[in-house]
Structure formats: structure tokens, C-alpha cells
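What the coordinates show
This is what each chain is made of:
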Amino acid sequence: QVQLVESGGGLVQPGGSLRLSCTASGSFIRLYVMGWYRQAPGKQRELVADIARGGNTTTYADSVKGRFTISRDNAENTVYLQMNMLKPEDTAVYYCKADIAPYTDYYIRTYWGRGTQVTVSS
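Residues numbered from 1 in each chain as written. Predicted model: local features only at pLDDT ≥ 70, side-chain atom pairs only at ≥ 80, totals over all residues. Heavy atoms only, no water.

Observations concerning the overall build of the protein chain
Stated precisely, the cut-off is as follows: Strands here are runs of E lasting at least two residues and helices are runs of H or I lasting at least four, both read from the DSSP assignment and numbered beginning at the N terminus. Just to be clear, the radius of gyration here is over C-alpha atoms, and the globule rule we use is 2.2 Å times residues to the power 0.38.
Secondary structure assignment for the protein chain yields zero helices and 11 strands. Going from the N terminus to the C terminus, the protein chain shows its helices and strands as β-β-β-β-β-β-β-β-β-β-β. Taking 2.2 N^0.38 as the reference for a compact globule, 122 residues should give roughly 14 Å; the C-alpha atoms of the protein chain span a radius of gyration of 14 Å, in line with that estimate. Judged by the C-alpha coordinates and their principal axes, the protein chain covers about 45 × 25 × 25 Å.

As C-alpha cells, this is what we get:
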């Protein structure tokens, strides 16, 4: 059973920083694209950033470009999201998503974490 577990959320003042982590555990062959999504109250879940397996290709939402950085450590099965210059509008539940080959590279499935709350407020 594959699981994604997020950590690092919390309460931070505007202008502050947080670092989110998401680690995949269980039995699987390979991690492919990993990413972070967020959902604020009353809004749809949206992509924040994602990163290819090799780490050489990243995608960011326009609203976070220049402030957030996504990275990964394949040896640790972990993806990170460094969030700087946080704004109140960044407040949301942040979810980790990963495309994973559970037992063969010919079958890739998408997994989601349970989410971690990020609140930006003074």
C-alpha cells in the first residue's frame, strides 16, 4: 500500500517562510512526477508546483513564481516545497500528489496525500 505523508504546515506571518515535505512510503517501483496542490475554502483545488522525476523540469502557478521552489530527493522518496514571502492568499490546505508505478512501469497511478494546513496571518 503506497502512502504519501505531508508535513511542515502551520501558522506563519505574512512575509514569512515555510517548508513542506512529502514522503512516499510502501511498496512501489518508481516515482514519476511529484507535485503540490492547494485548496482554499470555497475554491477548487489548484496546482501550485510540480517536478519531473529527474528534477530538470518544473512547473509553477503564476501566483507563486519567484516565491516558491519545488525540489525532490529520489533517494529519500521525498518532494519539498520551499515557500517564501508568504501572503494571506496562500492560506490553504496543501496536498502532495505523485504519479507512481506501484509494481510495473507500464502501469502508473496517481496518489494523493491527506493534506497539511498552511495559514498565513498576522
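Details of the packing of aromatic side chains
Two measures describe an aromatic ring pair: the distance that separates the ring centres and the angle between the ring planes. Applicable threshold: When the centres of two rings from Phe, Tyr and Trp lie within 6.5 Å, Trp using its six-membered ring, the rings pair. Their planes under 30 degrees apart give stacked, over 60 give edge-to-face, and anything left gives tilted. Burial here depends on accessible area, computed with a 1.4 Å probe over protein chains only, as a share of the maximum for the residue type. Under 20% is buried, over 50% is exposed, and the range in between is partly exposed. Any Lys NZ or Arg CZ found within 6 Å of a ring centre and within 35 degrees of that ring's normal is scored as a charge over the ring.
Taken as a whole and judged by the stated rule, the model has two aromatic pairs. Taking the centre distance of 5.1 Å and the plane angle of 70 degrees together, the rings of tyrosine 37 and tryptophan 112 count as edge-to-face. Taken together, the positions of tyrosine 37 in strand β4 (residues 30-39) and tryptophan 112 in strand β10 (residues 109-112) put the pair 75 residues apart, joining distant regions of the chain. Under the relative-accessibility criterion, tryptophan 112 is labelled partly exposed at 37%. Ring geometry for tyrosine 103 and tyrosine 107: centres 5.6 Å apart, planes at 20 degrees, overall stacked. The class for tyrosine 103 is exposed, based on a relative accessible area of 58%. The ring of tyrosine 80 carries arginine 19 above its face, with NZ or CZ at 4.0 Å from the centroid. Looking at arginine 45, its charged tip hangs above the ring of tyrosine 95, at a distance of 3.7 Å from the centre.

With respect to the environment of arginine 45
Threshold: Contacts are assigned to residue pairs with any non-hydrogen atoms lying within 4.5 Å of each other.
Its place among the elements puts arginine 45 in the loop between β4 and β5 (46-51). Along the sequence, arginine 45 and aspartate 99 sit 54 residues apart, while their C-alpha atoms lie 17 Å from each other. Not counting residues within four places of it along the chain, the set of residues in contact with arginine 45 comprises Tyr37, Arg38, Gln39, Tyr95 and Trp112.

Focus on the nonpolar core
The line we're drawing: To form a nonpolar core, buried Ala, Val, Leu, Ile, Met, Phe, Trp, Tyr and Cys residues must be joined to one another through side-chain atoms within 4.5 Å.
Within the largest apolar cluster, 31 residues are counted, with the highest numbers of intra-cluster contacts made by Trp36, Leu81, Met83 and Tyr94. Listed by contribution, the elements that provide at least two residues to this core are β3 (18-25), β4, β5, β7 (68-73), β8 (78-83), β9 (92-101) and β11 (116-120). Examining the composition of this core, we find that five residues originate from one element, β9, more than from any other.

Side note on unusual backbone geometry
Of note in the backbone geometry, asparagine 77 takes a positive phi value of approximately 55 degrees without being a glycine. For asparagine 77, the position within the fold is in the loop between β7 and β8. Here the phi dihedral of methionine 85 falls at roughly 50 degrees; this positive angle occurs in a residue that is not glycine. Along the chain, the position of methionine 85 falls in the loop between β8 and β9. For methionine 85, a relative accessible area of 47% puts it in the partly exposed group.

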